[in-house]
Every structure is written in C-alpha cells, then in structure tokens.
Amino acid sequence: MTVSRTFSIIKPDATRRNLTGAIDAMLEEAGLRIVAQKRLRLTRAQAEEFYAVHKARPFFADLVAFMTSGPVVVQVLEGEDAVARNRAVMGATDPAKAEPGTIRKRFGESIEANSVHGSDSPETAAAEIAFFFTPAEITG
Ligand code: CMP
C-alpha cells in the first residue's frame, strides 16, 4: 500500500453555495484524509501563477477572474494513490461528461464553475501543495 498526497481546491462556485462540508464528506467517503485545509481568497497574481500552464489557452482570463471571484478552500488530501483516487471522485472536467456519483456531476455548474480542482500527477501535486502550504501546516 502506497499512501501519497494530492492537492485540491474547492472553487468559488462551491463555497458560494455552502458546499464545503458536502464536498469534504465525498472526499472522505472516497478514502481520502484531509490532512490540511484553509479557506482564502486568491489574489489575481496567485491565480495567474497557479494556472500559468494554461496561460496560452483562450479561457485563461475568464479562469483567473472566476477563481478570484470568491473564497476558495485549498486542501491536501492523503490516501492510497491519492492523485488517481481524487480524480476519480472529482469526475470529468466538464460536469456534463462526469460520471454519476462524482463531485462535478453532483455539484458542477459548467466547465469553468466545476466546483473542484485536483492535481493531475504526483509531481504536480507536490508543486501545488508547496504553493499553498508549509510542511508544518500538514498533519497526517
Ligand atoms: P481545473 O482542474 O481547475 O484546471 C483548469 C481549469 O480551467 C479547469 O479545471 C476548468 O475549470 C477551467 N476551464 C475553463 N474552460 C475550460 C476548457 N474549455 N477546457 C478545459 N478547462 C477549462
């Protein structure tokens, strides 16, 4: 058994609808442990840096505007194959294409307002965790 970590964001569309607890419960039911969590408002600079890989995409400006439109909850999740496990419970990026029982199918409003972000690889997870958390803030 390999316990690993991934990074998650509960996005502004979900915090606005008071869904933090419901999403946390789905993560926990999927076998993930929330080992760090904080609510904050991203600055424009933070959102641009966090999503820098998408800078050339046509949706980049809208994505930054959306992610700074309200509070987010940033999280570190721990579990067996945490990246894959979290991606499975999140569902497809486009909520219309997400499987039943996933967070995005249940709560996502659109491809942009899709309620959660999750790291796409263990390497990305390590970088995204370090972007928001110091090691002392993470307690398994
Ligand atoms: P996320 O996992 O946070 O990573 C980048 C985000 O860009 C993605 O989820 C979507 O919410 C958002 N996005 C907006 N439009 C698109 C699009 N056309 N294709 C992919 N992602 C998009």
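For the structure itself, consult the block above.
The text that follows walks through the structure, step by step, so that each part is easy to find.

Cut-offs and rules
All chains use their own residue numbering, which begins from 1 and follows the written sequence. With the structure being a predicted model, the display of local features is reserved for residues of pLDDT at least 70 and the display and counting of side-chain atom pairs for 80 or more, all residues being used for whole-chain, interface and lining totals. Side-chain figures throughout are based on the complete set of non-hydrogen atoms in the structure, without hydrogens or water. Here, the term nonpolar core denotes a set of buried Ala, Val, Leu, Ile, Met, Phe, Trp, Tyr and Cys residues that are joined through side-chain atoms within 4.5 Å. Exposed residues in this analysis have more than 50% of their type's maximum accessible area, buried residues have under 20%, and partly exposed residues fall in between, with area computed by a 1.4 Å probe over protein chains only. Per the convention used, a helix needs a DSSP run of H or I reaching at least four residues, while a strand needs a run of E reaching at least two, with both numbered from the N terminus. Here a residue is near a molecule or strand as soon as one of its heavy atoms is found within 4 Å of it. A 3.5 Å cut-off defines polar contacts: any pair of N or O atoms within that distance qualifies, except that in protein one atom must be a possible hydrogen donor and the other a possible acceptor, and neighbouring residues in sequence count only when both atoms are side-chain atoms. In this analysis the probe radius is 1.4 Å and the grid spacing 1 Å, with only protein atoms considered; a cavity is a set of points the probe fits into but cannot get out of, a pocket is an open set with protein on both sides within 12 Å along at least five of seven lines, and lining residues have an atom within 4 Å of a point. Whether a molecule lies in a cavity or pocket depends on its atoms, and more than half of them have to be within 2 Å of the grid points. Regarding the arc, it is the one traced by the directions from the helix axis to the C-beta atoms. We call two residues in contact whenever any of their non-hydrogen atoms come within 4.5 Å of each other. Each aromatic pair joins two rings of Phe, Tyr and Trp (for Trp, the six-membered one) with centres within 6.5 Å, and gets the label stacked for planes under 30 degrees apart, edge-to-face for over 60, and tilted for any other angle.

### Quick notes on the nonpolar core
Phe 7, Met 67 and Phe 133 are the most contacted members of the largest nonpolar core, which has 21 residues in total. Looking at this core, the elements that each hand over two or more residues are strand 1 (3–10), strand 2 (33–40), helix 3 (44–50), helix 4 (60–67), strand 3 (72–80) and helix 7 (122–132). The element best represented in this core is helix 4, accounting for 5 residues. In terms of nonpolar packing, the next biggest core, distinct from the first, is built from 15 residues, Met 26, Leu 27, Leu 32 and Val 116 among them.

### A look at the site of the ligand
Taken together, the residues surrounding the ligand are Lys 11, Tyr 51, His 54, Phe 59, Leu 63, Thr 93, Arg 104, Ile 111, Glu 112, Asn 114 and His 117. Contact distances for the ligand include 2.7 Å between an oxygen atom and a backbone N or O atom of Ile 111. His 117 places a side-chain nitrogen or oxygen 3.1 Å from an oxygen atom of the ligand. Spatially, the ligand is embedded in the largest pocket.

### Here we look at helix 5 (residues 82–90)
Among all positions of helix 5, only Ala 82, Val 83, Asn 86, Val 89 and Met 90 are buried. The buried residues of helix 5 occupy one face: seen down the axis, they fall within an arc of 140 degrees. Opposite the buried face of helix 5, at more than 90 degrees from it, the exposed residues are Ala 84 and Ala 88. Lining the buried residues of helix 5 we find strand 1, helix 2 (20–29), strand 3, helix 6 (103–107), strand 4 (116–118) and helix 7. Just beyond helix 5, the residue with positive phi is Gly 91, at close to 90 degrees.

### Here's the deal with the packing of aromatic side chains
Scanning the model with the defined rule gives 6 aromatic pairs in all. Aromatic side chains Phe 50 and Phe 131 sit 5.7 Å apart centroid to centroid with 65 degrees between the ring planes, which places their arrangement in the edge-to-face category. Highlighted residues: Phe 50 in helix 3 and Phe 131 in helix 7, separated in sequence by 81 residues. Classification of Phe 50 as buried rests on a relative accessible area of 10%. Between Phe 131 and Phe 132, the ring centres sit 4.9 Å apart and the planes meet at 65 degrees, which makes this aromatic pair edge-to-face. Grouping aromatic residues by their ring pairs yields a cluster made of Phe 7, Phe 50, Tyr 51, Phe 131 and Phe 132.

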